[in-house]
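Residue-level structural notes
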Amino acid sequence: MKIKYALIVSLVLIPNLVLAQDNLAQKTQNPISDLISLPFQNNTNFGIGPNSRTQNVLNIQPVIPFSVSENWNLVTRTIAPLISQPDISEESGSTFGLGDINTSLWLSPKDPGKIIWGVGPILSFPTATDDMLGTGKFGLGPTFVVLTISGPWVAGVLLNNIWSVAGKSDRSDVNQMLIQYFINYNLAQGWYLVSAPILTANWKAESGNQWTIPIGAGVGKIFKIGKQPLNASAHAYGNVDKPDLGADWTLRLQIQFVFPHCS
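The shown structure was predicted, so the numbers you read here are calculated from the model rather than taken from an experiment.

**Some details on the overall build of the chain**
Secondary structure assignment for the chain yields 1 helix and 15 strands. Overall size of the chain, expressed as C-alpha extent along the three principal axes, is 80 × 45 × 30 Å. Per-residue burial for the chain yields a buried fraction of 39% across its 263 residues. Of the contacts made within the chain by residues no fewer than 6 positions apart, 56% connect residues no fewer than 24 positions apart.

Structure below.
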């Protein structure tokens with residue numbers, strides 16, 4: 001009888017556990033879900049400049065949603081980059097410190113239907129600890145996210161454009177765009193395949209040096225340590241178009257701590 005009950009419990013709980021993992025994976029892949037999360041995203045950029053230097057950027061990017069009404073959430077994401085910036089004109093030497101912090105604020109409906117979206121401002125702050133690590137400017141612009149979830153697929157795009165509005169007069173003005181499309185295919189037991197390259201355009205740069213366009217993909221998994229859910233992934237992206245001194249390719253490693261949703 002005990003064996004029979006154990007078998008029944010296993011048949012009930014295992015599919016539910018897999019379903020919970022898959023649902024959590026889709027929520028972590030939605031930038032404007034109602035989950036509180038703390039991702040640590042490390043991007044190592046290889047082949048920079050004539051001496052093929054390596055840059056490392058660790059983005060600490062907490063995502064905190066707030067319920068602002070019965071129908072709307074306000075989702076905040078702040079990115080604080082810790083940067084190791086090589087001296088690209090030399091074969092050695094680098095500068096390490098905090099870069100410019102930016103914060104995105106998305107107003108998003110709680111029940112959006114098949115098309116999930118959020119819109120709001122992005123703000124950039126001149127918090128860099130060294131001139132090499134930031135723009136020296138306050139920045140402001142719009143940001144927008146749209147995505148859909150269909151079966152095992154989660155696909156969408158995030159974009160923003162930042163213009164400088166104040167700051168040091170001896171620093172160049174800022175006009176930069178970021179586009180990140182993301183395509184996720186969720187597998188069993190919390191595993192998933194992902195492509196989420198970050199395309200950027202510096203509109204102040206000379207023609208031919210404005211765009212960085214990577215292509216690539218990665219793999220990730222939802223799992224738990226004790227009761228703490230985590231999302232880990234590894235990606236590789238090669239730049240098919242880049243500025244003259246830009247990186248050849250990027251290795252991205254990410255670990256994301258996931259917490260209960262907002263009420």
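**Some remarks on a nonpolar patch on the surface**
A cluster of nonpolar side chains, namely W153, I183, Y185, L187, W191, L193 and V219, defines an oily patch on the protein surface of about 610 Å² accessible area. Note that L187 resides in the loop between β10 (175–186) and β11 (191–195). The class of L187 is partly exposed, set by a relative accessible area of 34%.

**Let's talk about the pattern of salt bridges**
Applying the stated criterion to the full structure yields 5 salt bridges. The salt bridge partner of D173 is K137, with a shortest N-O separation of 3.6 Å. Of this pair, D173 sits in the loop between β9 (153–167) and β10 while K137 sits in strand β8 (residues 137–150), placing them 36 residues apart in sequence. A relative accessible area of 47% means that D173 is categorised as partly exposed. With a shortest N-O distance of 3.7 Å, K242 and D248 are connected by a salt bridge.

**Some details on the pairing of β11**
Note on strand geometry: in a regular strand, side chains alternate between the two faces of the sheet. As defined by bridge partners, β10 adjoins β11 across 4 bridges and the pair is classed as antiparallel. Looking at β11, one finds that Y185 is bridged to L193. Examined bridge by bridge, β11 and strand β13 (residues 211–225) share 4 bridges and lie antiparallel to one another. The residue bridging V194 from the neighbouring strand is G218, located in β13.

**With respect to the nonpolar core**
With 14 residues, the main nonpolar core has I32, V75, W106, V145, L147 and A196 as its most contacted residues. Of all the secondary structure elements, the ones that give two or more residues to this core are β8, β9 and β11. Once residues lying within four places of it in the same chain are set aside, the contact partners of V145 are P31, I32, W106, I116, W117, G118, V157 and L158. Core analysis: the second largest hydrophobic core is formed by 5 residues, L24, L35, I222 and V258 among them.

**A short note on the confidence of the model for the chain**
Confidence in the prediction for the chain averages 91 pLDDT; 90% of positions are at 70 or higher. Ignoring residues within four places in sequence, the model shows residues 1–19, a span with pLDDT below 50, making 2 contacts including any to other chains.

**What about the packing of aromatic side chains?**
Applying the stated rule across the entire model yields 5 aromatic pairs. Here W72 and W117 contribute two aromatic rings whose centre-to-centre distance is 5.9 Å and whose plane-to-plane angle is 75°, an arrangement assigned as edge-to-face. Separated by 45 residues along the polypeptide, W72 in strand β4 (residues 72–86) and W117 in strand β7 (residues 115–125) bring together distant segments of the chain.

**Overview of unusual backbone geometry**
The phi torsion at S52 lies on the positive side, around 50°, for a residue other than glycine. Of note, S52 is situated in the loop between β1 (35–48) and β2 (53–60). Overall, the relative accessible area of 48% leaves S52 in the partly exposed class. Phi is positive for Q189, which is not a glycine, with a value near 60°. Assignment of secondary structure puts Q189 in the loop between β10 and β11.

About the thresholds
- Residues numbered from 1 in each chain as written.
- Predicted model: local features only at pLDDT ≥ 70, side-chain atom pairs only at ≥ 80, totals over all residues.
- Heavy atoms only, no water.
- Helix = DSSP H or I, 4+ residues; strand = E, 2+ residues; numbered from the N terminus.
- Buried < 20%, exposed > 50% of the residue type's maximum accessible area, 1.4 Å probe, protein only.
- Contact = heavy atoms within 4.5 Å.
- Patch = residues over 30% accessible without salt bridge, like charges linked within 9 Å, V, L, I, M, F, W, Y side chains within 5 Å.
- Areas by Shrake-Rupley, 256 points an atom, 1.4 Å probe, with all protein chains shown as cover.
- Salt bridge = Lys/Arg side-chain N within 4 Å of Asp/Glu carboxyl O.
- Pairing = 2+ DSSP bridges.
- Core = buried A, V, L, I, M, F, W, Y, C linked by side-chain atoms within 4.5 Å.
- pLDDT = per-residue confidence, 0-100.
- Phe/Tyr/Trp six-rings, centres within 6.5 Å; stacked < 30°, edge-to-face > 60°.

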